[in-house]
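The lines below spell out each chain.
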Amino acid sequence: MSAPSYRELTVNGLWKNNPALVQLLGLCPLLGVSNSAVNALGLGLATMLVLTCSNIAVSLVRGVVNTAVRLPAFVMIIAALTTCIELLMQAFTYELYQILGIFIPLITTNCVILGRADGFAAKHNPLIAGFDGLLMGIGFCLVLVVLGGLRELFGTGALFANMHLLFGPIANDWQITLFDDYKGFLLAILPPGAFIVLGLLIALKNRIDEHLAERARAEQPAVPAASRRVRVTGVIE
């Protein structure tokens, strides 16, 4: 199988085949913890690291794993990497780890990670597989952060609150308050708000794709109709 180019992998991971906006995979954690930017960023970075490392590991062992135990082996690799990330978060970002709760261990069963491991990493070399995992992880993380940021903004009137939970004391002053005396919009930070905002993001992406396709068609030069040669038979009087 011919390996795709790095440009193609970048475009697919960030836009054309984005895990959250196109494949619609991993929606459980995407909607469950995206009520603030710090929660979304924490889970997004954890998922990106597991996705990248699991793609590389699966690619390295693809030639020695029997087909009958391929999926269980891949799940074991993903579970081991998820446990490593979980232990690191317990050591360095314990408060954020407690907030994210069960969604960190659930990275093991994230359809994005297992799907890329079985559908892509198992068929390509470690360099290509790792790059694909990195870009897919970045695409997933970006959607998660945008979703979390919008919900936090609409729900509280501020952005980047409690970023010290992820980056330490250096981030104590990173909060941006955009609306003073904001009453809050409770729906935005509740689960239904996640579905609404994600639906709007998907609709926006689809509209942008349609606009780009229409512009591409308009820029194509008109192809003149080919002349047809008519053969006349018989006698013309």
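Residues numbered from 1 in each chain as written. Predicted model: local features only at pLDDT ≥ 70, side-chain atom pairs only at ≥ 80, totals over all residues. Heavy atoms only, no water.

Draft legend 1. Spatial organisation of the overall build of the protein. Along the protein, the regular secondary structure elements total ten helices and two strands. Listing the helices and strands of the protein from first to last along the sequence gives α-α-α-α-α-α-α-β-α-β-α-α. On C-alpha atoms alone, the protein measures out to a radius of gyration of 24 Å, which is more than a quarter above the 18 Å that the 2.2 N^0.38 rule sets for 237 residues. Considering only C-alpha atoms, the protein reaches an extent of 95 × 60 × 30 Å along its principal axes. For the protein, the residues scored as buried account for 39% of the 237 residues in total. Taking the contacts inside the protein whose residues are at least 6 apart along the sequence as the reference set, 77% of them involve residues at least 24 apart. Of the side-chain charges in the protein, 15 are positive and 14 negative, and the distance between the mean point of each set is 15 Å. (Helix = DSSP H or I, 4+ residues; strand = E, 2+ residues; numbered from the N terminus. Rg over C-alpha atoms; globule rule 2.2 N^0.38 Å. Buried < 20%, exposed > 50% of the residue type's maximum accessible area, 1.4 Å probe, protein only. Contact = heavy atoms within 4.5 Å. Lys, Arg positive; Asp, Glu negative; His and termini not counted. Charge placed at Lys NZ, Arg CZ, Asp CG, Glu CD.)

Draft legend 2. Region of the structure containing the layout of surface pockets. Of the pockets and cavities examined, the largest pocket occupies roughly 210 Å³. Secondary structure elements with two or more residues in the lining of the largest pocket: α1 (6-16), α7 (126-156) and α10 (191-219). Each residue belonging to the lining of the largest pocket can be placed in one class, and the counts come to nine nonpolar, two polar and one charged. Reported here for the second largest pocket is a volume of approximately 170 Å³. Forming the boundary of the second largest pocket are Gly42, Leu45, Ala46, Leu49, Ile85, Leu88, Met89, Phe92, Thr93 and Leu166. (1 Å grid on protein atoms, 1.4 Å probe; cavity = no way out; pocket = protein on both sides within 12 Å on 5 of 7 lines; lining within 4 Å. Points joined across faces, edges and corners; volume = space filled by probe spheres on them. Nonpolar A, V, L, I, M, F, W, Y, C, P; charged D, E, K, R; others polar.)

Draft legend 3. Region of interest: the packing of α1 against α7. Contact geometry for α1 and α7: axes closest at 7 Å, N-to-C directions at 25°. Relative to α7, α1 is oriented roughly parallel. When you trace α1 past α7, the crossing you get is right-handed. For the pair α1 and α7, contact is made by Tyr6, Leu9, Thr10, Asn12, Gly13 and Leu14 and by Leu127, Ile128, Phe131, Asp132, Leu135, Met136, Ile138, Gly139 and Leu142, respectively. (Axes fitted to C-alpha atoms, helices over the stretch in contact; angles between N-to-C directions. Parallel < 35°, antiparallel > 145°, perpendicular 65-115°, else oblique. Left-handed = near helix turned anticlockwise from the far one by under 90°.)

Draft legend 4. View of the UniProt feature "transmembrane region" (unreviewed entry) in the protein. UniProt annotation of "transmembrane region" (unreviewed entry) refers to residues 45-65, 71-89, 96-115, 127-146 and 184-204 when read in the numbering used here. The span residues 71-89 shows a helical share of 100% and a strand share of 0%, and its end C-alpha atoms are spaced 27 Å apart. Note that residues 184-204 is 86% helix and 0% strand, and that its end C-alpha atoms are spaced 25 Å apart. (UniProt positions renumbered as here; feature names shortened; annotations may be inferred.)

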